[in-house]
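# Survey of secondary and tertiary structure
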Amino acid sequence: MDKTITFKIDGVDVKGCPGQTIMEAADKAGVYIPRLCYMKDLTPHGSCRVCTVKVDGRAQAACTQPIAEGVEVENNTDELNEKRRNIIDMFFVEGNHFCMFCEKSGNCELQAVAYRLGICAPKYPFQFPDRSLDATHPDIFIDRNRCILCGRCVNASRDVDGKSVFEFVGRGANKKIAVNSDTLAGTNMSVTDKAANVCPVGAIIKKRVGFAVPIGKRLYDTQPIGSDIEVTKS
Amino acid sequence: MSEKLFQIIKKACESCGNDRARLMDIVIAVQKNCGAVTIDAMELIAKQVKVQRVDVESVVSFYSFLSKEEKGKIVIRICNDVVDLMKGADNIAKAFSETLGIKVGQTSADGTISLEYTPCIGLSDQAPAILVNEVAITNLSVDKAKSISKALLSGASPESLTKEFGDGNNSDELVRSMVKNNIVKKGSVIFVERVAEAGLKKAITLKPEDVISIIKSSKLRGRGGAGFPTGMKWEFTRAAKGNKKYVVCNADEGEPGTFKDRVLLTEKFDMLCEGMAIGGYCIGSDSGIIYLRGEYSYLKAFLENKLSKRKKASLLGKSICGKNGFNFDIRIQIGAGAYICGEETALISSCEGLRGDPKTRPPFPAQKGYLASPTTVNNVETFCSVARIIEKDAAWYSVIGTKGSTGTKILSVSGDCSKPGIYEYDFGVKVSDMLKDAGAKDTKAVLIGGPSGQLIGKKDFGRIICYDDLATGGSIVIFNSSRNILEIVKSYLEFFVEESCGYCTPCRTGNVLLLNKIEEILEGKGEPSDIKYLEDLCSTVKVTSRCGLGQTSPNPVTSSIRNFREVYEAVLKTNEDGRQPTFDIKASLEVAEALQGRKSVIY
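Okay, so let's go over this structure. (Residues numbered from 1 in each chain as written. Chains lettered and ligands numbered in written order. Predicted model: local features only at pLDDT ≥ 70, side-chain atom pairs only at ≥ 80, totals over all residues. Heavy atoms only, no water.)

### Some details on the overall build of chain A
Scanning chain A for helices and strands turns up 5 helices and 10 strands. With the C-alpha coordinates aligned to their principal axes, the bounding extent of chain A is approximately 50 × 40 × 35 Å. For chain A, with 234 residues in total, the buried portion stands at 57%. At a minimum sequence separation of 6, the contacts of chain A that also span at least 24 residues come to 64%. For chain A, the accessible surface area stands at approximately 10,600 Å², while carbon and sulfur atoms represent 52% of it. (Helix = DSSP H or I, 4+ residues; strand = E, 2+ residues; numbered from the N terminus. Buried < 20%, exposed > 50% of the residue type's maximum accessible area, 1.4 Å probe, protein only. Contact = heavy atoms within 4.5 Å. Areas by Shrake-Rupley, 256 points an atom, 1.4 Å probe, with all protein chains shown as cover.)

Now the structure itself:
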């Protein structure tokens, strides 16, 4: 790594190396860019659009946009945070989310980003879609009501586990996660797979471990999501 | 699992070299032969091309012409585009439904006929129109719909429904279609008598770099709508590293109201191939792909025959026009009903046998396109223009049109006018002049560039069509004063909701929410604050969406608010009782009243 790229996020100089995305460079520099579908070490999906930033005035997804010398990135602005809240609201109304009794509550990235951005209740009308569950697998169940179509399980199963258990089917509002068999039990999915450990929400849940962590000790109970990134700020 | 199914699949896969990247051709062949791509079929295909079953399911479930459940041997697709609805598509649907005894969306009990709606099929100038399998039937009336239904019920083939052939190549024995060209105005670039292959023959006497520089100085910009400079695109693709490069023609015009590429494919296919070959010469590619929208399948045999004729004439294949080392061939990739595939990276995905999801950019196709090779994707009209530009020269071309928009633009004009059809204008034509030529009277609104363009009103009819003022890929839809603007907006939003690929959140859900709100307003449940709600939502969808679909899909809303605000204001009112207009207290109490067995005392 012999070349350094310098650019600005919200007016502050950030350094990175060629090939890095804005998200990677920002994380390293301790600047939190809200995100949902992005997960370190997985191919960026660029689908949730929560990490939308403006690069020299042009909207781009920070998780897929490479850094470039001298560009000015807007991140923590009222305009972008408003749009991010709108997108988060869309997630809440397009699916059926029930934070108050969801196993993932307190550890859920959707919930945590919503809190961090100051959402108390979505402003859009609930769509109440009819979505299916799959509890056939002995160790894992899928609840599509809570799926946000981030693609993490698809990518992890294909790229890390080498199994391609998951893929998207349908399009538009009918897009959903499908498995490589009639049911999850019919696939070669294992609870130790990467794909079983990447869901940001309560859509892929491990059986028999729900509610194991008491309230107060959950991931996002005491500090907002992104705090771990901001810690690295010097 | 039947042996017959296995044989069909084996044949389909083997004819594509068991190549995973040819999955589209495979599933389309299976759908055609079996009326469905069932789970069993997916399993067999997956084994044959060595992918997972869910990968095949992912593709099949994406395209509206493919289905897991069995469809009738004959599928009637009624176009429900706004223009068709204006011309009575609803009554046509009713007539089919009644005569066939099935609802739209159903298949007859004996499995012979399915009835469905489909978005714009590129026949707005002869609406209402339908597709019966691959056969296009135009200018329908209720009576015709009934007689077609009866004929099909008594066993007539879709082909036998065509009684008279259209003009030009529509009557070619490989087309045999009743579709008409309706070329109303010919210009100086495309619809012109010219020496065939003059551009190609001249190009090969020059260095590829020099050909690119002619295109650059002609200032030709992409005719699909985005307007990217063609010469620059080719320069990038030429400069990109890669042994294999591709020239792709986007013949997937799906923008509601556009049909110019249909006519170009029918009448100017050689000019298109000439332009593609020049493209191949410029960027150093020996392979071209024409992505033909599934709705234009009726042209496929004709076009393939044209390609083989060109091969025989040494205009395609090895050593084209005797030029040693200049090899270029073209294959046709057929689509299967997905508007999003007109987006260049989605089109590439589809060519690769994937769902028509747009790809992450960067890298752009010029660096990493089809099968990760440098690829240039250009519109049908762009390639035709290239042939003409090289034949004449850049100086000749660049004085046509306006300073920033050189050359001519082919418009597909339809809606409320007496002369719908194809118009080739020099760039810079005034909307009012175009309306006059088209025989439009009492015009209230004009949609420039289809629903992803702008809906303009009278005050803008003095503006001109060009990239710097009113940009358009060519779709022009005219509405007279009898039309309901909000209904039009609603129909187009329904289209975008149907056609969003669903990859990114703002487009997948934002468009649904926009449609919800417009429907509410149409039901009289709107309130003044809804304008701001719509504007905020539109802005989120436009700014944060991943590709051009979501970045433009709110345009019917934003441009109608901007240009027809009075239409909204007329129906958005504050509720007298101070409640939200969306809240109907009486309706809300109905369930409780039924349970109680009595009416509310207060309400």
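Following the structure, the description resumes.
### A look at empty space enclosed by the protein
Residues and elements named next belong to chain B. In total, this model carries 4 cavities of 30 Å³ or more according to the counting rule given. In this structure, the largest cavity encloses a volume near 130 Å³. Lining the largest cavity are 19 residues; nearest its centre among them are R293, E295, G337, A338 and Y339. Along the lines of polarity and charge, the residues of the lining of the largest cavity split into 9 nonpolar, 6 polar and 4 charged. Counting contributing residues, the lining of the largest cavity receives three or more from each of domain 2 (74-162) and domain 3 (185-398). (1 Å grid on protein atoms, 1.4 Å probe; cavity = no way out; pocket = protein on both sides within 12 Å on 5 of 7 lines; lining within 4 Å. Points joined across faces, edges and corners; volume = space filled by probe spheres on them. Nonpolar A, V, L, I, M, F, W, Y, C, P; charged D, E, K, R; others polar. Domains from an automatic or database assignment.)

### Structural notes on the pairing of strand 9 (residues 176-179) of chain A
Summarising the sheet, strand 8 (residues 166-169) of chain A and strand 9 of chain A pair through 4 bridges and their orientation is antiparallel. Residue V169(A) lies in a different strand from strand 9 of chain A, and its bridge partner there is K176(A). (Pairing = 2+ DSSP bridges.)

### Some thoughts on the environment of K312(B)
Residue and element names in this part refer to chain B. Relative to the elements of secondary structure, K312 occurs in helix 13 (residues 300-312). According to the relative accessible area criterion, K312 is exposed, its value standing at 75%. Spatially, the C-alpha atoms of K312 and T38 are 40 Å apart, while their sequence positions differ by 274 residues.

### Focus on the pairing of strand 14 (residues 475-480) of chain B
Residue and element names in this part refer to chain B. For strand 14, the tally of buried residues reaches 6 of 6 residues, placing the bulk of the element in the interior. Residues S475, V477 and F479 point to one face of strand 14 and I476, I478 and N480 to the other, with burial holding for every one of them. Relative to strand 14, strand 10 (residues 408-415) runs parallel, the two being bridged by 4 bridges. Along strand 14, the bridge assignment pairs G415 with I478. Where strand 12 (residues 443-448) lies against strand 14, 5 bridges are found, and the strand directions are antiparallel. Within strand 14, the residue paired with T443 across the bridge is N480.

### Topic: the packing of helix 3 (residues 39-49) of chain B against helix 4 (residues 53-60) of chain B
Residue and element names in this part refer to chain B. At a minimum axis separation of 8 Å, helix 3 and helix 4 run at an interaxial angle of 120 degrees. Classed by the angle they form, the pair helix 3 and helix 4 counts as oblique. Crossing angle aside, the handedness with which helix 3 passes helix 4 is right-handed. Counted together, I39, M42, E43, I45 and A46 of helix 3 and R53, V56, E57 and V60 of helix 4 form the full contact between these two elements. (Axes fitted to C-alpha atoms, helices over the stretch in contact; angles between N-to-C directions. Parallel < 35°, antiparallel > 145°, perpendicular 65-115°, else oblique. Left-handed = near helix turned anticlockwise from the far one by under 90°.)

Geometry only, nothing functional implied.
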